[in-house]
Amino acid sequence: MNKAKRQAVIAGNWKMNKTRPEAKALIEELKPLVKDAGCGVVICVPYTNLEAALEATKGSNIKVGAENCHWAKSGAFTGEISADMLAEMGVEYVVIGHSERRQYFGETDQTVNQRVRAALDAGLKVILCVGELLEQREQGITEEICGMQTKVALGGVSKEELSRIIIAYEPVWAIGTGKTATADQADEVNGFIRSVVAKLYGDDAAQALTVQYGGSMNAKNAEELLGKEHVDGGLIGGASLKAEDFSVIVKAASK
Ligand code: PGA
């Protein structure tokens, strides 16, 4: 299998942005712009916007995701949301292991793995984020870091379940900084992640895996990044908050 046969997916990661009325307005603006997309289109939104997003996207090609979930099914975890709660609402995707969760909220490879497990058990699709810090890239250990994050996160995940996982390579130094990895850098690490998955699950599973790039992907640089063999879509932060920009990226992925 090659790139042409893999499903490209463009996912917006809204982070902590948009009230409900703002969310509805953005989705209404987005719907006509992406209705003919030749790739998967997902918007991952704050918990408070999930219901509004599900309602507004009904009958459209836009899928809805959450930005995190807890690993337990239920219990005394004040302020947390379980994967079952998301699945029951009709949410299809969940972002797990985003570097902002790792940096600011104590997320570790082990808790990422537990959350992946919980999400899969609830029937959700996972957008699993991995990526190195700038110091790690400078030390020449990008592959070790991304390889380790990938392996630990996928612990206990079966080959069948892998089909519900997208991996997003997001170099931490490129997130929200305006500094994009070059298309070659993105391709190289995405390809490396695919090779790690091939060792764990075999070539066929690895070739079928959607591996996104994320980190300052925008309307201007998307086409070049998405043209690379191993870049099967993107996880888009800032540019997903503007319907026009996001739709340009979706069009670039549809080629
Ligand atoms: P950015 O964010 O596109 O704003 O860099 C990407 C992400 O954090 O997923």
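Keep in mind that what you see is a predicted model, and the values were worked out from it rather than measured. (Residues numbered from 1 in each chain as written. Predicted model: local features only at pLDDT ≥ 70, side-chain atom pairs only at ≥ 80, totals over all residues. Heavy atoms only, no water.)

On to helix α1 (residues 20-34), then. Compared with an ideal rise of 1.5 Å per residue, which puts 15 residues at 21 Å, α1 spans 21 Å between its outermost C-alpha atoms and is within 8% of the ideal. Among the residues of α1, those classed as buried are A23, L26, I27, L30 and V34. Angular distribution of buried residues about the axis of α1 spans 100°; they occupy a single face of the element. More than 90 degrees from the buried face of α1, the exposed residues found are P21 and P32. Check the buried side of α1 and you find it contacts β2 (40-44), α2 (47-57), β3 (62-66) and α12 (243-253). (Helix = DSSP H or I, 4+ residues; strand = E, 2+ residues; numbered from the N terminus. Expected span 1.5 Å × (residues − 1). Buried < 20%, exposed > 50% of the residue type's maximum accessible area, 1.4 Å probe, protein only. Arc of directions from axis to C-beta. Contact = heavy atoms within 4.5 Å.)

Per the counting criterion, the structure on display carries two aromatic pairs. Ring geometry for Y104 versus F105: centroids 6.5 Å apart, planes at 90°, classification edge-to-face. On the basis of relative accessibility, which here comes to 57%, the residue Y104 falls in the exposed class. Given the relative accessible area of 53%, F105 is considered exposed. Cation over ring: R101 sits above F105, and NZ or CZ is 4.2 Å from the ring centre. (Phe/Tyr/Trp six-rings, centres within 6.5 Å; stacked < 30°, edge-to-face > 60°. Lys NZ or Arg CZ within 6 Å of the ring centre and 35° of its normal.)

Before going further, it helps to examine the site of the ligand. The immediate surroundings of the ligand are formed by 13 residues, with K15, H98, E170, G176 and S216 found nearest. Within the side chain of K15, a nitrogen or oxygen atom sits 2.7 Å from an oxygen atom of the ligand. The backbone of G237 places a nitrogen or oxygen atom 2.9 Å from an oxygen atom of the ligand. Notes on the ligand: free accessible area 280 Å², of which the protein chains cover 95%. Of the residues belonging to the shell around the ligand, the class tally is four nonpolar, seven polar and two charged. (Near = heavy atom within 4 Å. Polar contact = N/O pair within 3.5 Å; in protein donor to acceptor, adjacent residues only side chain to side chain. Areas by Shrake-Rupley, 256 points an atom, 1.4 Å probe, with all protein chains shown as cover. Nonpolar A, V, L, I, M, F, W, Y, C, P; charged D, E, K, R; others polar.)

Both faces of the sheet carry side chains from a regular strand, because those side chains alternate between them. With five of five residues buried, β2 is to be regarded as a mostly interior element. Side-chain alternation along β2 places G40, V42 and C44 on one buried face and V41 and I43 on a second face that is also buried. Judged from the five bridges that link them, strand β1 (residues 9-13) and β2 form a sheet pairing that is parallel. Its bridge partner lying in β2, V9 is registered against G40. In this view, the connection linking β1 to its parallel neighbour β2 by way of α1 has right-handed handedness. For β2 and β3, the ladder comprises four bridges, and the chain directions are parallel. (Pairing = 2+ DSSP bridges. Right-handed = clockwise from strand over helix to strand, strands pointing away.)

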